[in-house]
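Geometric and topological summary
Listed below, chain by chain, are the residues.
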Amino acid sequence: MSLPQRGGAVGGPQGTPGGPKRPAGPPQPQQHQQKAAAKPVKKKKLADKILPQKVRELVPESQAYMDLLAFERKLDTTIMRKRLDIQEALKRPMKLKKKLRIFISNTSFPAKEGEEGSVATWEMRVEGRLMDEDIRAESTKVKRKFSSFFKSLVIELDKEMYGPDNHLVEWHRSPTTQETDGFQVKRPGDVAVTCTILLLLDYKPIQFKLDQRLARLLGVHTQTRPVIISALWQYIKTHKLQDPHEKEYVNCDAFLQQIFKTEKMKFAEIPQRLNPLLNPPDPIVIKHMISMEDLKQAETKKTACYDIDVEVDDTLKTQMNNFLLSTTSQQEILSLDNKIQETVETINSLKTSREFFLSSAKDPQLFINKWMQSQSRDLKTMTDVTGSPEEERRVDYYYQPWVSEGVCRYFYGKIQQKRAELETSFGVRH
């Protein structure tokens, strides 16, 4: 009889309705390894963390958990939007304007008495530092070298006094340049010297000085190429110079005609037409007097200070980059999500067990019948059995009207099969 077999199939705890369907027999070690390897890869879904409606009805306090889930969704959406905003912001240069204080000091050395060939000399040093640097952080933070702010430095001395070959001191940045904290010039002399110091800032990204007429028109003197093009487009849009019929063309007004020497031009031509109007930025010019009034005193030092505006990278950019690259909080959130999912799975399992035992306590007979039918369907699915074994084991099943025709068809098919086999063996052809 098949009844004991069904009883054996449902003898374990997996026989509860709605529980996981597992084949009989102990699981293989290889299956455990595959499940363990696949478990971390499984992507957590929001549905895995939602409590069933029946659990919420049984435990009203669980509504607080559902409210937290809704708040978490809003928070995740906000964080994702902010991360995208930060990624877009990092694509643009983030600069801060700061004051760079330049210290120009000159020290005079009088000639040593009693030494033959000894002459008076002077020494000039050009140094600098950012004004708003935190003094307390200087010991821990790597300070930016003075030379890193400039692309070139030229010190021009009196040509008549030092000759055409010795009146210029030049420094230009190259790919192999090593940064330094200052520049030093030493020359013989005992009279006051007027020198000109030319400092060319190292703009990043590169900036250009506009043609004088275009600069007055756009209100931009020295800027990057994208900012200049944006200012020109703003001028075109404000004065409605875009052709209404051919949108890719600009109808130049009287001012633009004087600058670009054309009445009409394409938008795509603007960068090329701008090239002749973009010049290198003007250097910073400092006139400094090297005084020799106190030569009688040994190693007299005088210092002059000049402040200039420089652009430095915004420290917020580093913090934003670290925020995007940080995975500590994400790993912690993932760990908490795993714990939440495991807790919800445990609650669902307990809910299933509760419904199982409640239905058994309310109507044991109906419960047993439904349980047996459920396990019979499961057994048929696992063993690939067709038909209905419960009906087929009863004699009334074989007295139905269709049975005689089914038997005739079955025997006819068997006879035809045997006939074909015999014709094949005897070589009979039709």
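Here goes a summary of the coordinates provided. Predicted model, so just to flag it, every value in this text is computed and none were measured. (Residues numbered from 1 in each chain as written. Predicted model: local features only at pLDDT ≥ 70, side-chain atom pairs only at ≥ 80, totals over all residues. Heavy atoms only, no water.)

On the surface, Phe71, Leu75, Ile79 and Phe323 cluster together to form a nonpolar patch covering roughly 380 Å² of accessible area. Take the nonpolar patch: its biggest share by element is three residues, from helix H4 (residues 63-91). Note on placement: Ile79 falls in helix H4. (Patch = residues over 30% accessible without salt bridge, like charges linked within 9 Å, V, L, I, M, F, W, Y side chains within 5 Å. Areas by Shrake-Rupley, 256 points an atom, 1.4 Å probe, with all protein chains shown as cover. Salt bridge = Lys/Arg side-chain N within 4 Å of Asp/Glu carboxyl O. Helix = DSSP H or I, 4+ residues; strand = E, 2+ residues; numbered from the N terminus.)

Here the focus is helix H7 (residues 225-238). Its 14 residues give H7 an end-to-end C-alpha distance of 20 Å, which sits within 8% of 20 Å, the value for a rise of 1.5 Å per residue. Residues Ile228, Ala231, Leu232, Tyr235 and Ile236 constitute the buried set of H7. Along the axis of H7, the buried residues cluster in a sector spanning 140°; they form a single face. Facing away from the buried side of H7 by over 90 degrees, the exposed positions are Pro226 and Thr238. Looking one or two residues past H7, Lys240 carries a phi angle of roughly 55°, positive in sign. (Expected span 1.5 Å × (residues − 1). Buried < 20%, exposed > 50% of the residue type's maximum accessible area, 1.4 Å probe, protein only. Arc of directions from axis to C-beta.)

By the secondary structure assignment, Asp253 is in the loop between strand E9 (249-251) and helix H8 (254-260). Despite its burial, Asp253 pairs with no opposite charge; the closest candidate is Arg213, at 12 Å N-O. Of the polar contacts made by the side chain of Asp253, one reaches the backbone nitrogen of Leu256; its length is 2.9 Å. Asp253 has contacts with Tyr235 and Leu241, leaving out every residue within four places of it along the chain. (Lys, Arg positive; Asp, Glu negative; His and termini not counted. Polar contact = N/O pair within 3.5 Å; in protein donor to acceptor, adjacent residues only side chain to side chain. Contact = heavy atoms within 4.5 Å.)

Below, the discussion takes up H4. Between its first and last C-alpha, H4 extends 43 Å over 29 residues, near the 42 Å set by a 1.5 Å rise per residue. Those residues of H4 lying buried are Met66, Leu69, Arg83, Ile86, Ala89 and Leu90. For H4, the secondary structure elements touched by its buried residues are helix H3 (53-58), helix H10 (315-325) and helix H11 (328-362).

All right, on to the sheet that holds strand E4 (residues 168-172) then. One open sheet accounts for four strands, arranged E4-E3-E6-E12; its pairing is antiparallel. Of all strands in the sheet, those bounded by a partner on one side alone are E4 and strand E12 (284-290). The sheet shows a mean angle of 15° between the axes of neighbouring strands, direction not considered. Bridge count for strand E3 (residues 150-156) against strand E6 (residues 193-201) is six bridges, and the pairing is antiparallel. Within E6, the position partnered with Ile155 by the bridge is Ile197. (Pairing = 2+ DSSP bridges. Axes fitted to C-alpha atoms, helices over the stretch in contact; angles between N-to-C directions.)

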